[in-house]
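Chains, contacts and geometry: an overview
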Amino acid sequence: MTLKRIFLALFLLLLVAIPAAAQGGDPAAELQKELWCPICQGIRLDVCEQQVCEQMRELIDQELAAGKTKEEIKQQFIEFYGPVVLGEPPREGINWLAWIVPILLAVGGLALAGWMTHSWSRRSQLQPAPDTTLDSATEPDPYLSQVEREIEDL
Amino acid sequence: MADLGYIALALAFIITLYGLAVSLLGGYRGDEVLITSARNALYVVAGLVAISTIALWYLFITNDFSIEFVASHSERSLPTFYRFSAMWGGQDGSLLFWLFILAIYSTVFMVVEWRRQVRRRPYMIATLLAVHLFFLAVVLFAANPFERLWVLADGSTQAALFRPEGASLFIPADGMGLSPLLQNYWMVIHPVFLYLGYVGLTLPMAYAVSGLVSGELDNRWSKDVRVWNLIPWMFLTIGIIMGSQWAYIELGWGGFWAWDPVENASFIPWLTATAFLHSIMLQHQRGMLKVWNVSLAFISFWLVVIGTFITRSGIIDSVHAFALSNVGPMFLSFIILSFALFMYLLWQRLPQLQSDSELDSMLSRESAFLYVNVLFIVAAFVTLFGTVFPIISEALTSTKIAVSAPYFNKVDGPIFLGILVLMGIGPLLGWRRSSSDMLRKSLLPPLAMALLVVAILIMLVTRHWLPLLGWGLSALVLGTILWEFFRGAQARRRSTGEAWPLALLRVMARNQRRYGGYLVHLGVVMITVAIVGATSFQSNLKTSIRLNETVELAGYSFTYTGLEQEKFSNHDAAIANVLVKKGDTVIGTLRPRMNFYTAVSGRDMGPTTEVGLRTNLHEDVYVVFNGWEQDGNLGAFEIFINPLMLWMWIGGLVMVGGTLFAVWPMPRAATRRVRATAVAQPAS
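Residues numbered from 1 in each chain as written. Chains lettered and ligands numbered in written order. Predicted model: local features only at pLDDT ≥ 70, side-chain atom pairs only at ≥ 80, totals over all residues. Heavy atoms only, no water.

**Re the overall build of chain B**
Assigned secondary structure in chain B consists of 22 helices and 13 strands. Its C-alpha radius of gyration of 28 Å places chain B within 12% of the 26 Å reference for a compact globule of 684 residues. Considering only C-alpha atoms, chain B reaches an extent of 75 × 70 × 55 Å along its principal axes. By residue count, 60% of the 684 residues in chain B fall in the buried class. In chain B, of all internal contacts separated by at least 6 residues, the share reaching a separation of at least 24 is 70%. When the accessible surface of chain B is summed, it comes to about 26,900 Å², and 65% of that surface belongs to carbon and sulfur atoms. (Helix = DSSP H or I, 4+ residues; strand = E, 2+ residues; numbered from the N terminus. Rg over C-alpha atoms; globule rule 2.2 N^0.38 Å. Buried < 20%, exposed > 50% of the residue type's maximum accessible area, 1.4 Å probe, protein only. Contact = heavy atoms within 4.5 Å. Areas by Shrake-Rupley, 256 points an atom, 1.4 Å probe, with all protein chains shown as cover.)

**Some points on empty space enclosed by the protein**
Residues and elements named next belong to chain B. In this structure the tally under the stated criterion is three cavities of 30 Å³ or more. Put simply, the largest cavity is a space of about 60 Å³. Forming the walls of the largest cavity are Arg120, Tyr207, Ala208, Gly211, Glu216, Leu217, Asp218, Trp221, Gln283, Lys290, Val294 and Leu353. Elements supplying a minimum of two residues to the lining of the largest cavity: α8 (202-214) and α12 (290-312). Here the lining of the largest cavity is built from residues that sort into six nonpolar, two polar and four charged. Empty space within the second largest cavity amounts to approximately 40 Å³. Looking at the second largest cavity, the residues that line it are Pro261, Ala265, Ile268, Leu303, Ile306, Gly307, Ile310, Leu384 and Thr387. Counting residues per element, the ones that place at least two in the lining of the second largest cavity are α11 (261-286), α12 and α14 (365-397). Grouping the constituent residues of the lining of the second largest cavity by class yields seven nonpolar, two polar and no charged. (1 Å grid on protein atoms, 1.4 Å probe; cavity = no way out; pocket = protein on both sides within 12 Å on 5 of 7 lines; lining within 4 Å. Points joined across faces, edges and corners; volume = space filled by probe spheres on them. Nonpolar A, V, L, I, M, F, W, Y, C, P; charged D, E, K, R; others polar.)

**Describing the packing of α12(B) against helix α13 (residues 327-349) of chain B**
Residues and elements named next belong to chain B. It is the contact of α12 with α13, at a shortest axis distance of 10 Å, that shows an interaxial angle of 175°. Relative to α13, α12 is oriented roughly antiparallel. Residues Val291, Val294, Ser295, Phe298, Phe301, Trp302, Val305, Ile306, Thr308 and Phe309 of α12 lie in contact with α13, whose contacting residues are Gly328, Phe331, Leu332, Phe334, Ile335, Ser338, Phe339, Phe342 and Leu346. Looking at the contact of α12 with α13, its residues break down into 15 nonpolar, four polar and no charged. (Axes fitted to C-alpha atoms, helices over the stretch in contact; angles between N-to-C directions. Parallel < 35°, antiparallel > 145°, perpendicular 65-115°, else oblique.)

**Quick look at the pattern of salt bridges**
Residues and elements named next belong to chain B. Counted by the stated rule, this structure contains 24 salt bridges over all chains. The residue aspartate 3 makes a salt bridge to arginine 148 at a minimum N-O spacing of 3.3 Å. Residue aspartate 3 is located in helix α1 (residues 2-29), and its partner arginine 148 is located in strand β1 (residues 148-151); the two are separated by 145 residues in the primary sequence. Here aspartate 3 falls in the partly exposed class, since its relative accessible area comes to 44%. A relative accessible area of 17% places arginine 148 in the buried class. Between glutamate 484 and arginine 487 there is a salt bridge; the shortest N-O distance is 2.6 Å. (Salt bridge = Lys/Arg side-chain N within 4 Å of Asp/Glu carboxyl O.)

**Here's the deal with unusual backbone geometry**
All names here are of chain B. Positioned with a positive phi, aspartate 631 is a non-glycine residue whose angle comes to about 55°. With respect to the helices and strands, aspartate 631 occurs in the loop between β12 (619-629) and β13 (634-643). Although it is not a glycine, leucine 644 sits at a positive phi angle of roughly 65°. Along the chain, leucine 644 falls in the loop between β13 and α21 (646-663). We classify leucine 644 as buried; its relative accessible area is 19%.

**Regarding the sheet that holds strand β3 (residues 168-169) of chain B**
Residues and elements named next belong to chain B. Ordered in space as β2-β1-β3, the three strands form an open sheet in which the pairing is antiparallel. Looking at strand neighbours, the two that pair on one side only are β2 (157-160) and β3, the edges of this open sheet. Of the pairings in the sheet, the one linking β1 to β3 comprises two bridges and is antiparallel in character. Within β3, the residue paired with valine 151 across the bridge is serine 168. (Pairing = 2+ DSSP bridges.)

**Section: the packing of helix α2 (residues 32-61) of chain B against helix α6 (residues 121-141) of chain B**
All names here are of chain B. Where α2 contacts α6, the two axes come as close as 10 Å, and the packing angle between them is 35°. Seen along the crossing, α2 lies across α6 with a hand that is left-handed. Residues Glu32, Ile35, Ala38, Arg39, Leu42, Val45 and Val49 of α2 pack against Arg121, Pro122, Ile125, Leu128, Leu129, His132 and Leu136 of α6. Along the lines of polarity and charge, the residues of the contact of α2 with α6 split into ten nonpolar, one polar and three charged. (Left-handed = near helix turned anticlockwise from the far one by under 90°.)

**Structural notes on the nonpolar core**
Residues and elements named next belong to chain B. One finds Leu56, Phe109, Phe146, Trp221, Trp233, Trp270 and Phe331 to be the most contacted residues of the largest nonpolar core, which totals 212 residues. Among residues more than four places away in sequence, those in contact with tryptophan 270 are Trp233, Leu236, Thr237, Ile240, Phe376 and Met655. In this structure, Ile545, Ala576, Val621 and Phe625 belong to the second largest nonpolar core, which totals 18 residues. (Core = buried A, V, L, I, M, F, W, Y, C linked by side-chain atoms within 4.5 Å.)

**Some details on the packing of aromatic side chains**
Tallying each qualifying case throughout the model produces 53 aromatic pairs over all chains. Here the aromatic rings of Phe77(A) and Tyr81(A) are separated by 6.3 Å at their centres, their planes lie at 20°, and the arrangement is stacked. Taken together, the positions of Phe77(A) and Tyr81(A), both in helix α4 (residues 70-81) and four residues apart, correspond to about one turn of that helix. For Tyr81(A), a relative accessible area of 28% gives the class partly exposed. An angle of 80° between the planes, with centres 6.2 Å apart, marks the rings of Trp98(B) and Tyr195(B) as edge-to-face. Taken together, the residues Trp98(B) in helix α5 (residues 91-116) and Tyr195(B) in helix α7 (residues 185-200) connect sequence positions 97 residues apart. The residues Trp98(B) and Tyr195(B) share a single accessibility class, namely buried. Between Arg91(A) and the ring centre of Trp99(A), over which it is positioned, the NZ or CZ distance is 4.2 Å. Sitting over the face of the ring of Trp114(B), Arg121(B) holds its NZ or CZ atom 3.9 Å from the ring centroid. (Phe/Tyr/Trp six-rings, centres within 6.5 Å; stacked < 30°, edge-to-face > 60°. Lys NZ or Arg CZ within 6 Å of the ring centre and 35° of its normal.)

What follows is the structure, given as structure tokens:
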């Protein structure tokens, strides 16, 4: 089947191409995008107009010139201004909650949906339910059934 | 006028109490006279709220600065246009405005539903009046916009409804002015749509609660409630998109969504309302998820109240601001009480809310709807959790943290990608049961399209995984939508022999809900494409430019050609002229500006910026003017090139168009025939 071959070729192309994705750039610009204004809510350092952010940007340039790494400079800001500059809860102590709870919610929710579909489909196999719903009683849709038939015929 | 407004509110409060009692009693006894009286009470309350709202508008228009709310949110030089919107520039007025919209919605709702929902109607009235009662109480007792300013005997001023002892009325010569950030046309209409969305979610809740109380728990409501959810959902969508448009052009930071608490408060109920409009289809088609649907209708409303509480009580800024007014505690009590009451009603009716049918297969449209529902709800609660987390963390560790975009992007991002996957696959699955063979067949064209798009992107645009994933999934969803349109038109052509365009239009008109939904999905795809483009490929440059000198960014050149000053009624503007060229082609002159407001509140805030913007389908050229030195010989600018931003606004329009298409009443012969059969053979 030709479609399958095209499909396979595209997939192989992806596998070859993705690892080639290059990284790198200006560390000062990267740091400015990774840090957040310590006084205003939700404004990134590189676009913030506050004076304190202007000073932080200058400091980044100076420290990079002095040979410090990005991580060191980040730590320096965290010590000085607190974890606020991260724009996200630091992964330590009670703040781990902020990261764990969403994962628990997502896993729990999906597990619940999985369990619901599983148990429903098992029950219905044991005992087929009569179809008494509104739509099939009042609105048989010839076009939709036609569409569904078309799919089967494809 | 202030007295009229206040008296109208007080009367409305009393009549609401009466109507609430009478509707419940009437429902209990089945007494039509009482129920009719309760309905009339609702209409009277709505009229009184309207009078009160108009009174406040009148006070704004006539500059009555003896009223504290007017004095602190307006000024003589404020253009009339903004005096209207000053109503929602502060807490007290916005709560009254909320009440006003609730009154309008409730009236329309009861006029429409009065004959249709005979069993539910007393409890619909009671639910609506209960919500009225709460907001009336807040406006009357905690956030009254009609309070006057008084000078006390000791010379200090105080806002109060009635004259404190020994005090005299204080009328300031001019008001403090409206926050300059709100003086933008988007800010005039964006809150209106947001409120229309927010408040409208009361109606599905009223449907759900009245069903629980009256015991009318069959599947009919899934059809009737649809429009009452879709219309507010559409308004909320418009409100959110307009809000991001405002943030984009007014805040001058090159972005459109900051995940701040106010934005999140509007987004969280949008997520659950979206979940509801999907899950209600499961009940409509298969009689499933009854408890889930009733709960979602309530939760969307509940999250609206929580969102209002979070943003209006000041609890996010500081835990201490909470105790400063009674608004916070009142909201908190209402949140807890309404939840407890709803849970009680639900628990009572649980045995009657069993599913009519079972799931035939784990691979079916039903299960796709179920999974997408879970993802929407998880996204809503995760966003809510992140929004309130700074309070929890500060209370426990006493260290301030920030929960902004990096957090929400990491946490919500994967969920939204999951939703995109389901948007691509779900529509291809049949109701009841799909064979994996059939799914593979119908998924092949969209999947091939997605892979082709990714391959082209890799060759021509980027190799970063994030945009490739985002755009790849967008292509998958787009492929699915196009494939569905194609198959629908093809099926119709086979049976009628119509030409392609006609077949497509006819099949869409016959299945408004289905194809309207796909149009909405198309809008979501456009917005996704824009978000991925603008966040992954934004270029920016912060620079100072000398007069008549040029800087370059992303293939454009920017020449600073001069500074102009302009005077307006309540502000002065400094406008920079920046000539933009792409290569040798002149694109035009952008005029980013700084506004200096003259009112007290404006001086407190410092200048605001308004960006110079050149937009096209490909990218936005966005210039912010940040100040000048040396008499304007040196200008400070920040320049952004934001790819694909226009698609965000087009996508929003397509979403609205799709929703309207889905709900638009079409008086067609075919529809009438179906109705006639439905009447002749009522559903069992």
